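Residue-level structure breakdown
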Amino acid sequence: MRDVAVVSFAQAPNVRNAGAMNEVEILMPVVAQALEKSTLTLQEIGFTCSGSSDYLAGAPFSFVMAIDAIGAWPPISESHVEMDGAWALYEAWVKIQHGAADSALVYSFGKSSPGQIRDVLALQLDPYYMAPLWPDSVSLAALQARALLESSAYGEKDLAEVAARSRRNAQSNPKAQLAGDFDLAALLAEPYLVSPLRKHDCPPITDGASAVVLAAGDLARRICERPAWIRGIDHRIEPHALGVRDLTRSPSTELAGEKAGAAQGPLDLAELHAPFTHQELILRDALGLKEGVEINPSGGALAANPVMAAGLARIGEAASRILSGSANRALAHATSGPCLQQNLVCVLEGE
Amino acid sequence: MENPVEEIQTPIRLDYQYTAGEATARFLRGLKQGRILGQRCPSCRNVIVPARGACARCGVATKEEVELPDVGTVTTFCVVHIPVPGSAVKPPFVCATIKLDGADIGLFHLVGGIPPDQVRAGMRVKAQWKPREEWDYTLENILYFTPMDEPDVELDDPRSSAHA
Amino acid sequence: MGELCGVVGIGQTKYASKRGDLSIAGLVREAGIRALEDADLDWKDIDAVVIGKAPDMFEGVMMPELYLADALGASGKPMLRVHTAGSVGGSTSIVAASLVQAGIHDRVLTVAFEKQSESNAMWALSSKQPFSPHINAGAGGYFAPHIRTYMRRSQAPDHIGMLVALKDRLNALKNPYAHLQMEDISLQKIEASPMLWAPIRYLETCPSSDGACAMVLAREALAKDAPRPPAWLVGTAMRTEPTMFPGREEVNPQAGKDCAADVYAQAGITDPRKDIDVAEVYVPFSWFEPMWMENLGFAEEGTGWQMTDEGATALDGDMPINASGGVLSSNPIGASGMIRFAEAALQVRGMAGDHQIDGARTALGHAYGGGSQYFCMWIVRSERP
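Residues numbered from 1 in each chain as written. Chains lettered and ligands numbered in written order. Predicted model: local features only at pLDDT ≥ 70, side-chain atom pairs only at ≥ 80, totals over all residues. Heavy atoms only, no water.

Each helix and strand in chain A was counted, giving twelve helices and twelve strands. The dimensions of chain A, computed from C-alpha atoms along their principal axes, are 55 × 45 × 40 Å. Residues counted as buried form 68% of the 351 residues belonging to chain A. Across chain A, contacts joining residues at least 24 apart in sequence account for 79% of those joining residues at least 6 apart. Surface exposure of chain A reaches about 11,200 Å², of which carbon and sulfur atoms provide 52%. On chain A, the mean spot of the 27 positive side-chain charges and the mean spot of the 40 negative ones are 3 Å from each other. (Helix = DSSP H or I, 4+ residues; strand = E, 2+ residues; numbered from the N terminus. Buried < 20%, exposed > 50% of the residue type's maximum accessible area, 1.4 Å probe, protein only. Contact = heavy atoms within 4.5 Å. Areas by Shrake-Rupley, 256 points an atom, 1.4 Å probe, with all protein chains shown as cover. Lys, Arg positive; Asp, Glu negative; His and termini not counted. Charge placed at Lys NZ, Arg CZ, Asp CG, Glu CD.)

Right, here's the structure in full:
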């Protein structure tokens, strides 16, 4: 395996509604900033890969808009996944492993504000049996939360603690959408949104974009003082039908974490893509994260959830702590699909 | 099996609020006033219309506004013989790429006021606007481009007609 | 560069305007099972699944790979979903290949599909947006002006497009999977068919199909011992350029030329028309055959139409193009690119049946998408490099 590292990361301010700015206008400065930090130009980059969703944007071929803005001329070697940008990063990592490139630009954008995101996500379900019933994404998550609360020692207080900590951490993240000090008792006194989930157990609706530059071996060392080396990266999917899964566990995260070598050394922090509070508990257990591992110092998806970009942002956030020298070994996680159906784990290290 | 179910209907309705983006919004506001606004790329100096806020070729933001005349040259076209769903335009009609004078990129629009079989690449055309009171934030303020009383122009290869 | 990778299994569904006998899951599974059977493998032998399709709105399912995970035996495995517009079948194949070439997996199943009959594709592509070009005349309305420019520049005679349409429909009669089976096709019929987007006639356009294509890709040691001859990958390339910018050449796009140059260099091809025995090229409208002949370097600029005119691109020509019948005969959009790649592989495996080109040893698979801006190509050989 070649040594491949994250050498730069940039993200847009996460906001409820980016207003007059369209997806591309949100993305452009982010790509420019990630490239600038990497010292590489797009033409020096060996491979470009992006992640986004047409249904999120409400228009077919929405990713083409980005190609018309980033300066893909002369023509570039490029690909796109209809997935969270974390999987675009995986494809780029594979390309570098293949030896077809020494560097890659990865970006993703997600503007959740144009549509009703809870309904839009219902179209991810089996089109014959499930989608016609229009179960919205929060209700499905609530089913999972209920299953967890009923079958484990976790209580609603544990969920609220995740919310409070996420927003507390987000106070040090200038790009976060929701931040602040919240009293646990006050949170628990709030009404349910979809029982057993309260509003603070659910992710905000966010417009945002992220970009990461990857580089291999000597190139990474040359352009970056302290590259965040990808020591392992793996992703796995589970069956789709909720009824055949044990929703209280995340075996795909367990397996991806094992393949990525998560347990092969002590972790300083983990950026978990858990849009709902109870999902963080499930993920922590799946990854066997021990006390002392800082969870979501950025605030995580509960502080900002730009759909399609939130997973890539987890990798970027984890990497940025290694790039800055404040951490040495970090885990980043991304999820896709209803109730954590698909999961990716990436382990990053300093030299 | 008797009467097997082979098909179900599952209607999907989603409502979106689209954002034009700052550059497109400025372009549409211009049209409302009967103006065609392009932007000049700070890097390659080409004039792009409609303004998109970025030069696709250089990957840089474009800010400098350039007002363009409503006259130009047909660079290529096709004759559409099938109805377009939801469109009031009746076939056959001509879809053309029109390079407005002073622009370095073609604008996609209709050519009218001439039988379709007489449209030529290289033909000089001028915008036929709707009555001013009907103007809105849309390119449809221009009904179509119609021939001018000017000789056809020799068409360049697109590669040589823009600034390098 | 990287591990050697071979195509060891290929599966295609019968392409038809409507496969009412199968769900979306059933459709991809039919292709997947056939690919596994060809490779003499079972689902458990597959390490990862890479799936591609064109816009989700064609079926009304958002990120359908989530729902298709079960049908494709992907549970517990990595699954990737690629989308690069019309070229997606090609890019999906290339992503799958890179997983093997990078040494990450031993065997990868790759699938591409479209089930256009499940939704209203016209609606999917023309959802009204207030500020996009207000004249939505479909893909034909977009590409017909490019064709007119090509005709003007090359001075090609009018009948070239009809020759391509005839040749590809005749080829399709030799391919049982092909959607259009037009026994009575003739130049007269094509000429008499209505103009849709002049200069494109109805019979010079591709159909709208349901269908799926799948391939099993394996690393060298496994491909070498496959039950049937593998097709060895000797080059893969992708190139993208913006949709529109000042000075853009839309007829003979730079991205296509760069992509071809890259894939030829990898495969050691210096004279493509001589070195390549057969090519499957993405031709959704008949005139794109001569246009791509030039873009691919098979002919000098302005002379691609002469290849068609002289019969060079026919089954018995020196550079057979789309022996399978091509996109003009079957077009499940998201799968169309992968079908080109798979048909190229079938040719060098000697398994193309009635449309086999005798002695095909080197073949090109080609796909493009968007506004002639996304290009994907691969070169496969019968001999292990």
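Summing up its helical and strand segments, chain C has 13 helices and eleven strands in all. Taken over C-alpha atoms, the radius of gyration comes to 19 Å for chain C, in line with the 21 Å a tight globule of 385 residues would show. By residue count, 69% of the 385 residues in chain C fall in the buried class. Taking as baseline every contact in chain C between residues at least 6 positions apart, the subset at least 24 positions apart corresponds to 78%. Just so you have it, chain C exposes about 11,100 Å², and 50% of that area is on carbon and sulfur atoms. Computed over 33 positive and 46 negative side-chain charges, the inter-centroid distance for chain C is 2 Å. (Rg over C-alpha atoms; globule rule 2.2 N^0.38 Å.)

So, on to the pairing of strand 6 (residues 71-80) of chain B. All names here are of chain B. Counting buried positions over the ten residues of strand 6 gives nine, a clear majority of the element. Two strands pair when backbone bridges link them, and strand 6 and strand 9 (residues 124-129) are joined in this way by three bridges, in the antiparallel orientation. Its bridge partner lying in strand 9, G72 is registered against V125. Bridging between strand 6 and strand 7 (residues 93-100) involves eight bridges; their strand directions are antiparallel. (Pairing = 2+ DSSP bridges.)

Turning to the pattern of salt bridges, a few remarks are in order. All names here are of chain A. All chains considered together, the criterion is met by 53 salt bridges over all chains. Put simply, D3 and R221 hold a salt bridge, and the shortest N to O gap is 3.6 Å. Separated by 218 residues along the polypeptide, D3 in the segment before strand 1 (4-11) and R221 in helix 9 (residues 217-223) bring together distant segments of the chain. A relative accessible area of 34% means that D3 is categorised as partly exposed. The partly exposed category is assigned to R221, whose relative accessible area is 38%. Ionic contacts of the salt-bridge type, sharing partners, join the residues D3, D218, R221, R231, R329, E349 and E351 into one network. (Salt bridge = Lys/Arg side-chain N within 4 Å of Asp/Glu carboxyl O.)

Attention now moves to the interface of chain A and chain B. Between chain A and chain B, the contact holds 27 residues from the first and 24 residues from the second. Between R52 of chain B and D68 of chain A there is a salt bridge, with its nearest N and O atoms 3.2 Å apart. Counting the contacts that link chain A with chain B gives nine residue pairs in polar contact (both at pLDDT 80 or more). Those elements that place two or more of their residues in the side of chain A that touches chain B are helix 1 (23-38), helix 2 (54-57) and helix 5 (117-120) of chain A. Top element by residues in the side of chain A that touches chain B is helix 2 of chain A. It accounts for three residues. (Polar contact = N/O pair within 3.5 Å; in protein donor to acceptor, adjacent residues only side chain to side chain.)

Moving on: the domain arrangement of chain A. All names here are of chain A. The domains assigned to chain A are domain 1 (4-116 + 205-228) and domain 2 (122-203 + 229-349). Put simply, the middle of domain 1 and the middle of domain 2, counted by C-alpha atoms, are 22 Å apart. Listed as interface residues are 48 residues of domain 1 and, on the opposing side, 38 residues of domain 2. Carbon and sulfur atoms supply 66% of the area buried between domain 1 and domain 2, which totals about 3,300 Å² over both sides. Here domain 1 is connected to domain 2 by zero salt bridges. Along the contact surface separating domain 1 from domain 2 lie 17 residue pairs in polar contact (both at pLDDT 80 or more). Elements that contribute at least two residues to the side of domain 1 that touches domain 2 include exactly strand 1, helix 2, helix 4 (85-98), strand 4 (103-111), strand 7 (207-216) and helix 9. Classifying every residue of the side of domain 1 that touches domain 2 gives 28 nonpolar, 14 polar and six charged. (Domains from an automatic or database assignment. Buried area = accessible area lost by both parts, 1.4 Å probe. Nonpolar A, V, L, I, M, F, W, Y, C, P; charged D, E, K, R; others polar.)

The next subject is the packing of helix 5 (residues 138-154) of chain C against helix 11 (residues 288-295) of chain C. Residues and elements named next belong to chain C. The interhelical angle for the contact between helix 5 and helix 11, taken along N-to-C directions, is 65°, at an axis separation of 10 Å. If you check the angle between helix 5 and helix 11, you find them roughly perpendicular. Judged by the sense of rotation from one axis to the other, the crossing of helix 5 with helix 11 is left-handed. Between helix 5, through F143, H146, I147 and Y150, and helix 11, the contact on the second element is made entirely by F288, P290, M291 and E294. Classifying every residue of the contact of helix 5 with helix 11 gives six nonpolar, one polar and one charged. (Axes fitted to C-alpha atoms, helices over the stretch in contact; angles between N-to-C directions. Parallel < 35°, antiparallel > 145°, perpendicular 65-115°, else oblique. Left-handed = near helix turned anticlockwise from the far one by under 90°.)

Moving on to the nonpolar core. One recurring pattern in soluble globular proteins: nonpolar side chains tend to sit buried together. Grouped together as the largest cluster of nonpolar side chains are 140 residues, with contacts concentrated most on L214 and L348 of chain A together with Y264 and F298 of chain C. The greatest single-element share of this core, amounting to ten residues, is contributed by helix 13 (residues 333-349) of chain C. Setting aside anything within four residues of it in sequence, one finds F298 of chain C in contact with Y264, P272, R273, I276, A279, M293, M307, M319, I321 and L364 of chain C. Within the second largest apolar cluster, 48 residues are counted, among which are V8, I46, A71 and M79 of chain C. (Core = buried A, V, L, I, M, F, W, Y, C linked by side-chain atoms within 4.5 Å.)

Residues and elements named next belong to chain B. One open sheet holds the three strands; their spatial order is 2-1-5, and the pairing between them is antiparallel. Looking at the sheet topology across the chains shown, the edges are occupied by strand 2 (47-48) and strand 5 (64-68). Across five bridges, the pairing between strand 1 (residues 36-40) and strand 5 is antiparallel. What sits directly across from L37, in strand 5, is E67. Each of strand 1 and strand 5 touches helix 1 (residues 22-32); the most contacted strand, strand 1, lies at about 145° to it.

Tallying the contact residues gives 55 residues for chain C and 56 residues for chain A. Approximately 4,700 Å² of surface area, both sides summed, lies buried where chain C meets chain A, with 64% of it carried by carbon and sulfur atoms. When the area that chain C buries against chain A is broken down by residue, the three leading residues are M57, M62 and L66 of chain C, summing to 16%. The tally of links between chain C and chain A comes to zero salt bridges. Taken together, the links from chain C to chain A amount to 15 residue pairs in polar contact (both at pLDDT 80 or more). Among the elements that line the side of chain C that touches chain A, the one with the most residues is helix 3 (residues 88-101) of chain C, at five residues. Tallied by class, residues from the side of chain C that touches chain A come to 29 nonpolar, 17 polar and nine charged.

Further remarks concern the packing of aromatic side chains. With the rule as written, the count across this model stands at 19 aromatic pairs over all chains. With centroids separated by 6.1 Å and ring planes inclined at 80°, the aromatic side chains of W197 of chain C and F285 of chain C adopt a geometry described as edge-to-face. In this pair, W197 of chain C is assigned in strand 5 (residues 195-198) and F285 of chain C in the loop between strand 9 (278-280) and helix 11, connecting sequence segments 88 residues apart. You'll find W197 of chain C and F285 of chain C in the same group, each marked buried. Aromatic rings pair up to connect Y142, F143, W197, Y282, F285, F288, W292, Y368 and F375 of chain C into one cluster. In this structure, K53 of chain C is placed above the aromatic ring of F113 of chain C, and the distance from its NZ or CZ to the ring centre is 5.3 Å. Looking at R148 of chain C, its charged tip hangs above the ring of F77 of chain B, at a distance of 3.8 Å from the centre. (Phe/Tyr/Trp six-rings, centres within 6.5 Å; stacked < 30°, edge-to-face > 60°. Lys NZ or Arg CZ within 6 Å of the ring centre and 35° of its normal.)

Residues and elements named next belong to chain A. You can see N22 is positioned in the loop between strand 1 and helix 1. Exposure remark for N22: the relative accessible area of 11% places this residue in the buried category. Within the structure, the side chain of N22 is placed 3.1 Å from the backbone nitrogen of V24, a separation counted as a polar contact.

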